[in-house]
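Residue-level structure breakdown
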Amino acid sequence: LRQAKSIRITSNAVSRSFTVANVAGDNFSGHENNNNQLVNQALSELESIRNAGTFKRERVIASPQSTSVHVEIPSDDTEDSKTTSVLNFCANNYLGLANDPRLVEAAHKTLDERGFGLSSVRFICGTQDIHKTLEKSISAFHGTEDTILYPSCFDANAGIFEALLGPEDAVISDELNHASLIDGIRLCKAKRHRYKHSDMEALEDILRETHKSCRNRLIVSDGVFSMDGDVAKLSRMCDLAEKYDAQILIDECHATGFLGKTGRGTAEYCNVEGRVDIINSTLGKALGGGTGGYTTGPKPIIDLLRQKSRPYLFSNSLSPSVVGASIEVLNILTESSEMVEKLAANVNMFRSQMSDAGFELAGDETIPIVPVMVGDEKLAAEIAEDMLERGIYVIGFSYPVVPKGAARIRVQLSAAHSTEEVQKAIDAFCEVGKMVGLVDKKFVMHET
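Before going into details, it helps to say that this report is about the structure given with it.

On to the overall build of the protein, then. Assigned secondary structure in the protein consists of 15 helices and 18 strands. Burial analysis of the protein (448 residues in total) assigns 51% to the buried set. As presented, the protein carries roughly 21,700 Å² of accessible surface, and 49% of it is formed by carbon and sulfur atoms.

Below, the structure written as structure tokens:
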């Protein structure tokens, strides 16, 4: 909504009136406020973001998360919107479990048995038996000694480096690591080193340089990089860590549950299970899509995090319903790899037909994150809108989220997508790609 609203804020019997832009809109001009410098600064920055074409608008979904969702589309009338059904190819719902009836039932059951919330941090009165059960289940799933739960993996990444590393240590990070890893590293006092993305020679140079000058060296990397869809060179990384007596932490948010033969993640995919020291991951993507994160690894490290990790010590416990549903997810994955196999088939179908059509795709050929490279930022945004008009919900990404000139449409496939749904997305891409000159206009779409 683009209309401004007048809001009155009262604080300590002092009333101030000022005009602000509606948070859902993108028009910030013509606003007046009385001596409120902070609001003026926010309005100015919002206007700059809008002018740069990087303003993020939230589409409202009026249905459960699934492969097909009801999305509210703003109409020309700024007060109204219409709801339309579209196929969702932009969720982290890799296994299609976000609205799985088994998880919904498990969440309901846990609500009845353990209540809605804990109103406490873990070390006071916020640890239920089911929290310990989930931590043991995660440890068994990854083949690790112990696990600690967090409200999110962002919190897990924010809480680990400061707790484990000091000025005598070094943290060595891939340049394309997730923002939460970057922010977590900034909180610690360790020496910081960054190597070019997936450049193992550059990593070895840093390890060699810091081998004798630092107490501990922690190599930090995403397992799968969410914007590029590529996999860390984990086997080589493990070899280097062993050669230079370093440790490895990987963020597995875009790998846990579906990467590898049984969904155990990047370590299984790269055949280095047991060689990665610490795994941080999430319950909020493939594992049901709710909320929650965790660190899993050696028990002494987990024990120390329980004593020192600030997001753990000062955040409420995970709600029982999330815990109960997450336990059910791990039971499902332990019993069968059917969803992992179905996702792999969908990825193969999408990537092969899109490549044959002439699209430039980035990333590893087995990863369900498929960046369709466009280059031009404006064109990427237009393609995303054209796809939505054809009933396919995808998102365009451009600078500063990705490098200049590397704008893309990021497609995320799910095990829950039917063959027909994947084909519809491919056909829509081909139609739009021809229309904007992105692919060969002679390519013939698959007939459905």
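Here the narrative resumes.
Structurally, S180 is set in helix α6 (residues 179-186). Among the polar contacts listed, one links the side chain of S180 to the side chain of N157, at a separation of 2.8 Å. Among the polar contacts made by the side chain of S180, one reaches the side chain of H178 at a distance of 2.8 Å. Not counting chain neighbours up to four residues away, the residues in contact with S180 comprise F154, N157, A158 and D251.

This part is about the nonpolar core. Counting 87 residues, the largest nonpolar core has L234, F350, I409, V411 and F429 as the members making the most contacts within it. When neighbours within four sequence positions are excluded, V411 is seen to be in contact with F89, F350, P368, I369, V370, V372, V394 and F429. Of all hydrophobic cores here, the second largest spans 20 residues; its members include A163, L181, C188 and L313.

Within a sheet, each strand pairs with its neighbour through backbone hydrogen bonds, oriented either parallel or antiparallel. Pairing is mixed in the open sheet, where 4 strands are placed in the order β3-β4-β5-β16. Each edge of the open sheet carries a strand with a single partner, namely β3 (60-61) and β16 (392-393). Bridge count for strand β5 (residues 81-88) against β16 is 2 bridges, and the pairing is parallel. Each bridged residue has a counterpart across the sheet, and for L87 the counterpart in β16 is I392.

Turning our eyes to something else, we now look at helix α1 (residues 37-51). Here α1 contains 15 residues, and its C-alpha end-to-end distance of 21 Å stays within 8% of the 21 Å for a straight helix at 1.5 Å per residue. Among the residues of α1, V39, L43 and E47 are the ones counted as buried. One side of α1 carries all its buried residues, which in axial view fall inside an arc of 75°. For α1, the exposed residues lying more than 90 degrees away from the buried face are Q37 and L38.

The subject of this paragraph is the packing of aromatic side chains. Tallied over the entire structure, the rule returns 4 aromatic pairs. Centre to centre, the rings of Y94 and F258 are 4.4 Å apart; their planes meet at 40°, and the pair counts as tilted. Highlighted residues: Y94 in the loop between β5 and α2 (101-114) and F258 in the loop between β12 (247-251) and α9 (266-269), separated in sequence by 164 residues. On the numbers, 5.9 Å between centres and 75° between planes, the contact of F359 with F429 is edge-to-face. Of this pair, F359 sits in the loop between α13 (338-356) and β15 (369-375) while F429 sits in helix α15 (residues 419-435), and the two are 70 residues apart along the sequence. For the pair formed by F359 and F429, the shared burial category is buried. Taken together, the ring pairs in this structure connect F350, F359 and F429 into an aromatic cluster. The cationic tip of K404 hangs over the ring face of Y399; the distance from NZ or CZ to the ring centre is 4.9 Å.

Cut-offs used in this document
Residues numbered from 1 in each chain as written. Predicted model: local features only at pLDDT ≥ 70, side-chain atom pairs only at ≥ 80, totals over all residues. Heavy atoms only, no water. Helix = DSSP H or I, 4+ residues; strand = E, 2+ residues; numbered from the N terminus. Buried < 20%, exposed > 50% of the residue type's maximum accessible area, 1.4 Å probe, protein only. Areas by Shrake-Rupley, 256 points an atom, 1.4 Å probe, with all protein chains shown as cover. Polar contact = N/O pair within 3.5 Å; in protein donor to acceptor, adjacent residues only side chain to side chain. Contact = heavy atoms within 4.5 Å. Core = buried A, V, L, I, M, F, W, Y, C linked by side-chain atoms within 4.5 Å. Pairing = 2+ DSSP bridges. Expected span 1.5 Å × (residues − 1). Arc of directions from axis to C-beta. Phe/Tyr/Trp six-rings, centres within 6.5 Å; stacked < 30°, edge-to-face > 60°. Lys NZ or Arg CZ within 6 Å of the ring centre and 35° of its normal.

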